[in-house]
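Chain by chain, the residues run as shown.
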Amino acid sequence: MANHKSALKRIRSSEKRRVHNRYYARTMRNAVNAFRQLTDKKEATEQLPKVVALVDRVAKRNIIHNNKAANLKSSLYRQVNNM
């Protein structure tokens, strides 16, 4: 257990941040997985900007790495182009 007041506060704040980050990461993953299930090209092209914006937002908040965001977006664009 922590002995200093600042360490106790750090534990509390990091736990709050962890739960917050998990929520946004899970939301993004659910959106990406739902997008990957799409088979209609018209619907996929409509949904693509929303999913890409969500991935960008999560990367901007440093919940995922910028390169991971780029790889995700690249694979999503490739999926739409191959439909």
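Higher on the page you've got the structure.
Just so we're clear, the structure is a prediction, and the values are computed from it rather than from any experiment.

Visitor: Let's hear about the overall build of the protein: which residues, and what values?
Guide: Summing up its helical and strand segments, the protein has three helices and zero strands in all. For the protein, the α and β elements follow one another from N to C terminus as α-α-α. The C-alpha atoms of the protein give 17 Å as radius of gyration, which overshoots the globular expectation for 83 residues (12 Å, by more than 25%). By principal-axis analysis of the C-alpha atoms, the protein measures approximately 60 × 20 × 15 Å. Taking all 83 residues of the protein together, the buried fraction comes to 24%. Summing over all exposed atoms, the protein offers an accessible surface of approximately 6,400 Å²; the carbon and sulfur share of this is 50%. Side chains of the protein give 20 positive and 5 negative charges; the mean places of these two sets differ by 15 Å.

Visitor: How would you explain the environment of Arg12 if you had to name every residue and give the values?
Guide: Along the chain, the position of Arg12 falls in helix 1 (residues 5–36). Its relative accessible area of 52% is what places Arg12 among the exposed residues. Separated by 53 residues in sequence, Arg12 and His65 place their C-alpha atoms 24 Å apart.

Visitor: Please give an account of the environment of Val32 that cites residues and values.
Guide: Here Val32 shows up in helix 1. Distance in space between the C-alpha atoms of Val32 and His4 is 42 Å, their sequence separation being 28 residues.

Rules used throughout
Residues numbered from 1 in each chain as written. Predicted model: local features only at pLDDT ≥ 70, side-chain atom pairs only at ≥ 80, totals over all residues. Heavy atoms only, no water. Helix = DSSP H or I, 4+ residues; strand = E, 2+ residues; numbered from the N terminus. Rg over C-alpha atoms; globule rule 2.2 N^0.38 Å. Buried < 20%, exposed > 50% of the residue type's maximum accessible area, 1.4 Å probe, protein only. Areas by Shrake-Rupley, 256 points an atom, 1.4 Å probe, with all protein chains shown as cover. Lys, Arg positive; Asp, Glu negative; His and termini not counted. Charge placed at Lys NZ, Arg CZ, Asp CG, Glu CD.

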